[in-house]
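Report on the structure
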Amino acid sequence: MSETRHIDSFARTLLEPLLERLQTPSRSGWQLMGWDAEQGFQLTLGKGQDVLLIELERRDDERDCYARTQRFNLCVRRAFQAGAPLTEEERRVVLQVASIVRAREGLLPVVTRPTTSTRARVRELEVERVLIPEGAGHYYVNPYVGCMIGCDFCYVADRADFSRELEGQPHLPWGRYVDVKLNAAAVLRQEVARARPGIVRMSPILTDPYQALERRYRITRQCLEVLADARFTPVILTRAARVVEDLDVLGRFERAAVGLSIPTDDDRVRQHFEPGGDPIEERLDALRRCHAAGLRTYVIIQPMLPMDPARLVALTAPYVRAVRIDRMYELQRTAHLYREFGRPDAMQDAFFEQTGAALRAGFAEHGIALDDLDDLGRSLGLLEG
Ligand code: SF4
């Protein structure tokens, strides 16, 4: 029997003064464009082309953040403009959000968390929301929450656990739980009927849309069918080769993009660092088949793992339009993997700088777009008329 999730109602309690003005500009012109509660609480605020993402994480005085409240660290970043500093006006907007959170966080229930369990858990859920706006004509959809591929470096693990903690779900190690949104396609069908068509990322983080459970539940496929009917544009990202099982439905879109995460050319490295992911050769084959099917394909090399950069460029460049390259961020959690593999050098800044430079130069020689702004819509030409 499916369960009901409570985290959305907690978000409504905390953020009510903001959510009741959803899509309505304030006097300063800023408006709340979207919100989410699956990885802590997230708010997307927009004004013209400027989009701010405010993330409420578990309070941790050891971590840098923009502002702190009793229970939360508030982090802020710009969407689609990596690294650009906030303006004075934007800083004021963020501080207003912080003061609303401070005034209302006492209204959140303090739920006792059951004892930690180590059993894997698949929770079948009915949800109220699926299509999450993230500004500038972009949305995202997470067909699942959690990922049984279970990479040690998955940087969303702590934030996803925070939402489970707020809801009173037991702590389970990352990779040992998945929430399945059984009614996702039905909810999405209602949402797209009211929304302006745009780009829908599946799934930017938090889950892999083609993890093994997809073969049983087909939630990703059902959502794609809804998006195809409604003329939205999907941008898929996966570490799983079974994305090719949906080539038929992906072929229904005028434009559809599929990206494979391929962080190394060496399958021994893959086996060590992401043993739950598909072999590199299978991912390359999936990339080639998506390319041959006429989809707009891209590759994500994140985190850069020990590799031969020239070989990885040669294996992927003929089959992609765009590439995004980034370093490993979860070094504390993954240091043991580097040591056990005998490559502690590959967790140093110098490795990321040199490998990143070699990859960038290699892809540039092939005329492949480098997506440094996390805006695949632009890099893949999905926003063209
Ligand atoms: S496949 Fe992606 S979502 Fe799944 S654990 Fe690995 S990095 Fe996280």
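Since this is a predicted model, take the numbers as computed values, not measurements.

Remarks on the domain arrangement of the chain
Annotation of the chain at the domain level lists domain 1 (3-107) and domain 2 (134-144 + 195-379). The C-alpha centroid of domain 2 is placed 28 Å from the C-alpha centroid of domain 1.

Regarding the packing of helix α10 (residues 309-316) against helix α12 (residues 349-365)
The N-to-C vectors of α10 and α12 enclose an angle of 35°; their axes lie 9 Å apart at closest approach. With respect to the hand of their crossing, α10 and α12 are arranged in right-handed fashion. Counted together, Pro-309, Ala-310, Leu-312 and Val-313 of α10 and Thr-355, Ala-358, Leu-359, Gly-362 and Phe-363 of α12 form the full contact between these two elements.

Examining the site of the ligand
As a matter of local geometry, the ligand sits amid Cys-147, Ile-149, Gly-150, Cys-151, Cys-154, Thr-207, Asp-208 and Arg-239. The residue makeup of the shell around the ligand, split by class, is 4 nonpolar, 2 polar and 2 charged.

Describing the environment of Glu-191
Along the chain, Glu-191 falls in helix α4 (residues 184-194). Along the backbone, Glu-191 and Ser-26 are 165 residues apart, and their C-alpha atoms lie at a distance of 24 Å. Excluding anything up to four places from it in sequence, Glu-191 contacts Val-130 and Leu-131.

Details of the nonpolar core
Among the nonpolar cores identified, the biggest contains 72 residues, and Cys-223 and Ala-257 are the most heavily contacted of them. If one sorts the elements of this core by residue count, helix α6 (residues 219-230) sits on top with 5 residues. Cys-223 has contacts with Val-141, Pro-143, Ala-184, Ala-185, Leu-188 and Met-202, leaving out every residue within four places of it along the chain. Grouped together as the second largest cluster of nonpolar side chains are 27 residues, Ile-7, Leu-14, Trp-35 and Val-76 included.

Some details on the sheet that holds strand β5 (residues 67-68)
Across the sheet, 5 strands lie side by side as β2-β3-β4-β6-β5; this open sheet has antiparallel pairing. Each edge of the sheet is formed by a strand with only one pairing partner; in this case those strands are β2 (31-36) and β5. Where strand β4 (residues 50-58) meets strand β6 (residues 72-78), 7 bridges bridge the pair, whose relative direction is antiparallel. From the neighbouring strand, Arg-58 faces β6, where its bridge partner is Phe-72. Packed on one face of the sheet, helix α1 (residues 7-19) meets β2 and β3 (41-47) and runs near 165° to β2.

Looking at unusual backbone geometry
Between Met-202 and Ser-203 the backbone carries a cis peptide bond, its omega angle lying at -10°. Inspection of the secondary structure puts Ser-203 in the loop between β12 (199-202) and α5 (213-217). Between Gln-302 and Pro-303 the backbone carries a cis peptide bond, its omega angle lying at -5°. Here Pro-303 lies in the loop between β15 (296-301) and α10. A positive phi angle, near 50°, is found at Ala-136, a position not held by glycine. Of the residues examined, Ala-136 has 20 C-beta atoms within 10 Å and is grouped as buried. We note that Leu-206 has phi near 80°; this positive angle belongs to a residue other than glycine. Secondary-structure assignment places Leu-206 in the loop between β12 and α5. On the neighbour-count criterion, Leu-206 (20 C-beta atoms within 10 Å) is buried.

Each value, and the rule that gives it
- Residues numbered from 1 in each chain as written.
- Predicted model: local features only at pLDDT ≥ 70, side-chain atom pairs only at ≥ 80, totals over all residues.
- Domains from an automatic or database assignment.
- Axes fitted to C-alpha atoms, helices over the stretch in contact; angles between N-to-C directions.
- Helix = DSSP H or I, 4+ residues; strand = E, 2+ residues; numbered from the N terminus.
- Left-handed = near helix turned anticlockwise from the far one by under 90°.
- Contact = placed C-beta atoms within 7 Å.
- Near = placed C-beta within 6 Å.
- Nonpolar A, V, L, I, M, F, W, Y, C, P; charged D, E, K, R; others polar.
- Core = buried A, V, L, I, M, F, W, Y, C linked by C-beta atoms within 7 Å.
- Buried ≥ 20, exposed ≤ 12 C-beta atoms within 10 Å, placed from the backbone.
- Pairing = 2+ DSSP bridges.

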